[in-house]
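Okay, here's what each chain looks like letter by letter:
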Amino acid sequence: MLHGAASVDAFSMKVGDVLGERYPFAVPRYQRAYAWEDQAVDYFVRDIETLLDQPAGETSHFFGGVVCIQLTDNQRNRPTSYEIVDGQQRLATLMLALSCVVEVAGELAERSNARNKQVAKRARTLEEDTRDNFVTWKESDVAAGSTMIRPRMKLSLADDDVFQALVMSAEVPTPTRESHRLLIEARAALLGMTRTYVGTSGPLNNRVDRLLRLRQALVQDAHVIHIVSKDRRQAYRLFSVLNHRGESLSDADLLRSRSLELLDGHPAEHEGVATLWDEMLAAPAADVEDFFRALYPSVTGQRARGDLFEATAERFFPEAPPSKQTDALALVETIEWLRDELVVFLKLVDGEWPFERKAGKPTKVRAWQVDRLRRLVITLKHELALPVLLAGARSLDEATFADMVYMLELFAFRYKNVCNGHATRPANVYYAQAKAMREATKKAPYALKPFRMALAGLITKHASDSIFKQLLVENLRYSNASQRANIREFLTTLEDHRSWWLKTGAKDKAAKPKPKMTKVIDIEDATLEHIYPQSPPPVDKDPALEPFKHTLGNLTFFGSTDNVAAENKPFSAKRKLYYEPSEIAMTADLAKKTSWAKSDVTDRQKDLLDQAARVFVV
């Protein structure tokens, strides 16, 4: 049962009555931004279209609850207003739909003006009546002798400029947040529904009738439960209880609500935290959710047990509202820390290097090492490592972070992408190491060696040389389109180690792999090449090579500056013209051969597998 539930009243009301009697509405700072995606708007449109099939008053649709805190300020001309605790998505969408009625009514009035004054008058009356009774209201100041037009609904600060422009059919500011895009797309879909139902041809009087029917559906046939509390302090509790564990709100939304609830008695700190949350939640919602899923194990060393919202709030927020300003400021610092962590996380998920690199400034970390992060996160899609990457970016020096990234790239390719090792084992290692990184001090600095040894142990047990080689052959076939990114990773990484392999690796089995870091191979520009052509003309087809054409032994790649027009030409035509001048050493070496037979494919594949077993180690 909600604390103070006796002060909560519920009313079943038509949407028109809610907007006509219970205005103005405002969305408070602790509420999330507009979040209805295409599917939610489509469902809304279908619900409205269902109402249009029957006469007004003979059908109805329940659009859910709208929970508000009733506020009273006797210094205002209209002393009563309502803060929306829950239901802003549907109410904002209803308001956008009514604004479409206003816009289309104005268009019909303009079109009718020269043809039929009476129809134009009907359309103009519909336009003005809808706007004045449901979209805006007039606030008069008799003492000042002025009247101001006010919106009946305002969204939170981050969204309201865009929302008001859409509602008033004005020029829309440049969208800067995901919620802005969603508002614009919702308004476009609703305007499309309105114009489709009203039609673009036929008697104008009939089209005005149809538009009136649409307005009736929105304000007379659409119903909500309006739940009102006069206790403002219940807003946060109502918000959390009504939405917790539901699908409508994210963990980030609930965490914002919880932090603002805690600071309700500290106005300055409350406003500062609200601004910080607006900044954080301007990022794509999916990325913010992924951030909180990664943050908890990155800090605590273990995955959150049970509910992520509750676990995160318990770990990072105080249990009770702060009684002292110093405690309130400490909570502000926590939210600032969350913001800073999110900024780094957003770079990581895009494969962007989290350390500042100034042009012309010496650095120990080369561009080749920087590129490994993009390969790890984007090419190999190893999001499992995000908690430890976040901890490393926040706790390690740049050179140690670069070493860790390359170690993770080699491990992820071998253990996960090729050998399909279970994610739980490395996840536990990642979480423990992330915690160790964050807890390291100058007196007890973090060392990468235990991390490396733990991953090496997983390779020994679950991705041994024999298993790795076998699964490379089985899985990395060009005919399997889903493996082509892995094939590029395989070939380009071996290319980076080719000098080491030829000079040292092939002779000394104890030699540590050493990549050549002087050139960055853009993996996106690496063009895979079939040495024996993929689709040779009948005259060049070799039955002995056909079964092997998609195997690793028959694949190489061209670099970004190579002539890649070799296509389905025979080996004899490609070796001098395309292979010999290639910037890629393993491709250029093919020109040394005078022919290409089955034995060449199998020999080359064995050599590539031997290299891989030595290179993809930690």
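Residues numbered from 1 in each chain as written. Predicted model: local features only at pLDDT ≥ 70, side-chain atom pairs only at ≥ 80, totals over all residues. Heavy atoms only, no water.

Draft legend 1. Structural view of the side chain of R372. Take R372: it is sitting in helix α14 (residues 367-379). R372 gets classed as buried once you look at its relative accessible area, which sits at 1%. Residues contacting R372, with those up to four places away along its chain left out, are V405, Y406, E409, T493 and D496. (Helix = DSSP H or I, 4+ residues; strand = E, 2+ residues; numbered from the N terminus. Buried < 20%, exposed > 50% of the residue type's maximum accessible area, 1.4 Å probe, protein only. Contact = heavy atoms within 4.5 Å.)

Draft legend 2. Helix α15 (residues 386-395), seen in detail. The element α15 is largely enclosed, with a buried count of eight among its 10 residues. For α15, the complete set of buried residues consists of L386, P387, V388, L389, L390, A391, G392 and A393. On its buried face, α15 sits against α11 (285-300), α13 (325-349), α14, α16 (398-418), α17 (424-439) and α18 (449-462).

Draft legend 3. Examining the packing of aromatic side chains more closely. By the definition in use, this model includes 23 aromatic pairs. Summarising the aromatic geometry, the rings of F44 and F63 are spaced 5.5 Å apart at their centres and angled 50° between planes, so their arrangement reads as tilted. Here F44, found in helix α2 (residues 38-51), pairs with F63, found in strand β3 (residues 61-72); they are 19 residues apart in sequence, far enough to count as distant. When sorted by exposure, F44 lands in the same class as F63, which is buried. Aromatic rings pair up to connect W277, F291, F292 and F345 into one cluster. Over the face of the ring belonging to W368 we find R372, whose NZ or CZ atom lies 4.1 Å from the ring centre. (Phe/Tyr/Trp six-rings, centres within 6.5 Å; stacked < 30°, edge-to-face > 60°. Lys NZ or Arg CZ within 6 Å of the ring centre and 35° of its normal.)

Draft legend 4. Fine view of the pattern of salt bridges. Taken as a whole and assessed by the stated rule, the structure comprises 41 salt bridges. One salt bridge connects K549 with E546, and the closest N-O pair in it is separated by 3.0 Å. With a shortest N-O distance of 3.2 Å, D600 and K593 are connected by a salt bridge. Within this structure, E110, R124, E127, R131 and D132 form a network of salt bridges that share partners. (Salt bridge = Lys/Arg side-chain N within 4 Å of Asp/Glu carboxyl O.)

Draft legend 5. Expanded view of the packing of α15 against α16. Put simply, α15 and α16 touch, their axes get as near as 10 Å, and they point 165° apart. In terms of their interaxial angle, α15 and α16 are classed as roughly antiparallel. Between α15 and α16 lies a crossing of left-handed hand. Here V388, L389, G392 and A393 of α15 come into contact with α16, specifically with F401, M404, V405 and L408. The class makeup of the residues in the contact of α15 with α16 is seven nonpolar, one polar and no charged. (Axes fitted to C-alpha atoms, helices over the stretch in contact; angles between N-to-C directions. Parallel < 35°, antiparallel > 145°, perpendicular 65-115°, else oblique. Left-handed = near helix turned anticlockwise from the far one by under 90°. Nonpolar A, V, L, I, M, F, W, Y, C, P; charged D, E, K, R; others polar.)

So, to be careful, I would describe these as geometric facts and stop short of saying anything about function.
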